[in-house]
Number of protein chains: 2
Amino acid sequence: MPGQVQSIARAAAILRLLAGGSGRLGLLEIARALDLPKGTAHGLVRTLQDVGFVEQDKTSGKYQLGAALLHLGTSYLDVNELRSRSINWADPLAARSGEAVRIGTLLDSEVLVVHHVFRPDDTLQTLDVGALLPPHATALGKVLLAYEARGGGFGELVPYTRRTLASPRALARALSAIREAGWGSDIEEMTVGEAGIAAPIRGYGGLVVGAIGISGPVERVCDAHGQPRVTLVTHVREAARAVSRDLGGRGQ
Amino acid sequence: MPGQVQSIARAAAILRLLAGGSGRLGLLEIARALDLPKGTAHGLVRTLQDVGFVEQDKTSGKYQLGAALLHLGTSYLDVNELRSRSINWADPLAARSGEAVRIGTLLDSEVLVVHHVFRPDDTLQTLDVGALLPPHATALGKVLLAYEARGGGFGELVPYTRRTLASPRALARALSAIREAGWGSDIEEMTVGEAGIAAPIRGYGGLVVGAIGISGPVERVCDAHGQPRVTLVTHVREAARAVSRDLGGRGQ
DNA sequence: CAACAGTGTTCGACAATGCCGACCAGGGTT
DNA sequence: AACCCTGGTCGGCATTGTCGAACACTGTTG
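Residues numbered from 1 in each chain as written. Chains lettered and ligands numbered in written order. Predicted model: local features only at pLDDT ≥ 70, side-chain atom pairs only at ≥ 80, totals over all residues. Heavy atoms only, no water.

(A) Region of the structure containing the sheet that holds strand β4 (residues 110–117) of chain B. Residues and elements named next belong to chain B. Strand order in the open sheet made by the 6 strands is β5-β4-β3-β8-β7-β6, with antiparallel pairing throughout. Two strands close off the open sheet at either side, each with one partner strand: β5 (132–133) and β6 (184–187). The strands that helix α9 (residues 230–247) touches are β7 (194–202) and β8 (208–217); relative to β7, the one it contacts most, it runs at about 30°. (Pairing = 2+ DSSP bridges. Helix = DSSP H or I, 4+ residues; strand = E, 2+ residues; numbered from the N terminus. Contact = heavy atoms within 4.5 Å. Axes fitted to C-alpha atoms, helices over the stretch in contact; angles between N-to-C directions.)

(B) Representation of the environment of Leu15 of chain B in the model. If you trace the backbone, Leu15 of chain B turns up in helix α1 (residues 6–20). Here the alpha-carbon distance between Leu15 of chain B and Arg202 of chain B, two residues 187 residues apart in the chain, equals 31 Å. If we skip the residues at most four places from it in the chain, Leu15 of chain B touches Phe53 and Leu72 of chain A together with Leu48, Phe53, Val54, Leu65 and Leu69 of chain B.

(C) Examining the UniProt feature "domain: HTH iclR-type" (unreviewed entry) in chain A more closely. Feature annotation in UniProt places "domain: HTH iclR-type" (unreviewed entry) on residues 5–67 of chain A, given in this structure's numbering. Each end of residues 5–67 of chain A is marked by a C-alpha atom, and these two atoms are 24 Å apart; helix forms 57% of the span and strand 10%. (UniProt positions renumbered as here; feature names shortened; annotations may be inferred.)

(D) Up close: the relation of the copies chain B and chain A. For the pair chain B and chain A, the superposition axis carries a translation of 0.0 Å, the fit reaches an RMSD of 0.0 Å, and the rotation angle comes to 180°. Such values leave the two copies arranged in the relation of a two-fold axis. Taking C-alpha positions as the reference, the residue of chain B nearest the rotation axis is Gly73 of chain B, at 2.4 Å. Interface overlap between copies is the fraction of interface residues in one copy that are interface residues in the other; for chain B against chain A it reaches 98%, indicating a shared surface. (Least-squares fit on C-alpha atoms with pLDDT ≥ 70 in both.)

(E) Region of the structure containing helix α4 (residues 68–79) of chain B. All names here are of chain B. With 12 residues, α4 extends 17 Å between its outermost C-alpha atoms, agreeing within 8% with the 16 Å of an ideal straight helix rising 1.5 Å per residue. Where burial is concerned, most of α4 is hidden: 10 out of the 12 residues are buried. The complete set of buried residues in α4 reads Ala68, Leu69, Leu70, Leu72, Gly73, Thr74, Ser75, Tyr76, Leu77 and Val79. (Expected span 1.5 Å × (residues − 1). Buried < 20%, exposed > 50% of the residue type's maximum accessible area, 1.4 Å probe, protein only.)

Have a look at this one:
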């Protein structure tokens with residue numbers, strides 16, 4: 001594969017940096033973080049500003065992400081096949097299971113949430129479409145990792161709770177168990193008191209392109225033995241199959 | 001201001017094209033639309049693909065927006081000062097008025113919705129955060145236009161309904177009336193049966209940085225004379241002032 | 001069945017392009 | 001008032017990306 005266009009790759013790095021960091025960044029901070037000369041960074045940032053991908057706070061001079069990105073992001077949702085096919089099945093799943101439903105896909109070894117249906121009750125919930133979840137500590141993420149072709153080493157496995165799978169060996173075992181069973185779960189591995197169940201979504205050719213899952217309080221998601229309830233597992237797997245069928249895949 | 005970085009400007013144009021068009025586009029369509037040689041367009045698109053801003057449908061070969069943009073877009077929401085300050089005031093406004101609340105800002109002569117609170121009833125509504133609204137046919141848009149520094153000519157004023165302000169003269173009159181009154185409305189100018197009320201949000205230095213408004217069925221938003229209800233107008237203007245105060249502006 | 005009209009993709013040579021480093025200009029702090 | 005820090009500018013060099021033609025492939029058409 002021939003070389004990349006340098007300036008575009010650098011511009012993307014700047015945007016990722018701004019998205020990841022604590023919001024606003026100064027020009028020199030950007031230049032230092034990417035190991036670029038001041039002048040070069042300035043040129044890149046200024047054209048990013050011209051196209052609306054970056055805004056500058058006039059008082060502090062610092063830079064932040066721009067409004068044009070918001071529209072591009074939602075435009076992506078409109079085109080995304082995985083999301084559009086899932087929508088019809090996510091709502092029934094939320095209704096049947098009584099829990100929140102999320103659909104995610106792998107992006108740079110993280111889980112990108114592309115759709116989110118709130119838990120049917122009226123509790124206050126924040127929409128996390130567009131959020132990135134840690135793959136090793138969520139049911140969605142582990143399912144996606146299990147079927148990921150590029151089985152390279154995982155990133156650093158930060159432990160969120162005592163039950164997080166923080167060692168590569170434990171994670172690899174869990175992934176092969178998921179491949180065996182065709183679904184996966186996480187029990188208080190990301191936040192205490194929360195559990196989740198997920199199953200893979202296959203696209204054209206049987207390739208896994210995403211995952212659908214529910215998550216909620218551990219006492220509702222799991223039975224008396226601390227295992228995910230069979231009825232919920234069935235619901236999730238059926239939803240995953242339905243979406244896969246819609247996508248033209250073989251559906252598990 | 002010295003020249004732009006050509007390749008970044010072109011890359012941004014490609015992304016805008018993909019966002020605006022009907023989703024997927026072929027390489028030649030992109031090249032033709034931007035008047036670029038095939039090879040050049042390919043290089044740009046390929047690096048956009050490498051950084052995740054563009055995806056390629058393997059079967060058709062066509063290109064579409066990529067997943068990385070979704071995360072960038074929502075990251076923008078997290079940083080956006082206008083949105084974060086508005087959130088606390090949008091919910092009460094929705095509750096008091098009983099209508100849907102939206103907060104918008106001007107982007108490229110269009111209205112970008114940065115926050116959206118559903119109407120309190122349980123009707124089915126779609127979240128339009130990230131959507132672009134026509135400025136001349138919505139209360140939010142007309143308020144933003146009225147206080148826009150760069151008072152250049154408006155784009156083409158497409159008529160949506162019979163009551164849309166489609167002539168530059170009528171629109172200019174409406175805008176100066178808004179400046180006079182400090183708030184604006186639209187009555188069946190975008191969709192029949194719908195009306196809206198909006199007021200400007202001022203940031204540091206008194207500059208208008210956004211607008212907040214409600215919208216709903218014309219029979220609820222307007223009184224017997226077909227005019228916006230005074231109580232609703234007051235609620236909207238108070239909310240706008242509150243947000244402005246939070247932003248450090250003078251609040252009207 | 002062959003010629004064709006479309007794709008998306010690769011390659012290499014030229015030179016235009018954007019990179020780099022040093023140089024300005026303003027603000028805050030010592 | 002001298003100093004640091006910031007963001008912004010300018011011009012020369014050569015690295016960089018652009019460009020057009022050629023390639024591989026698919027589906028259609030004569």
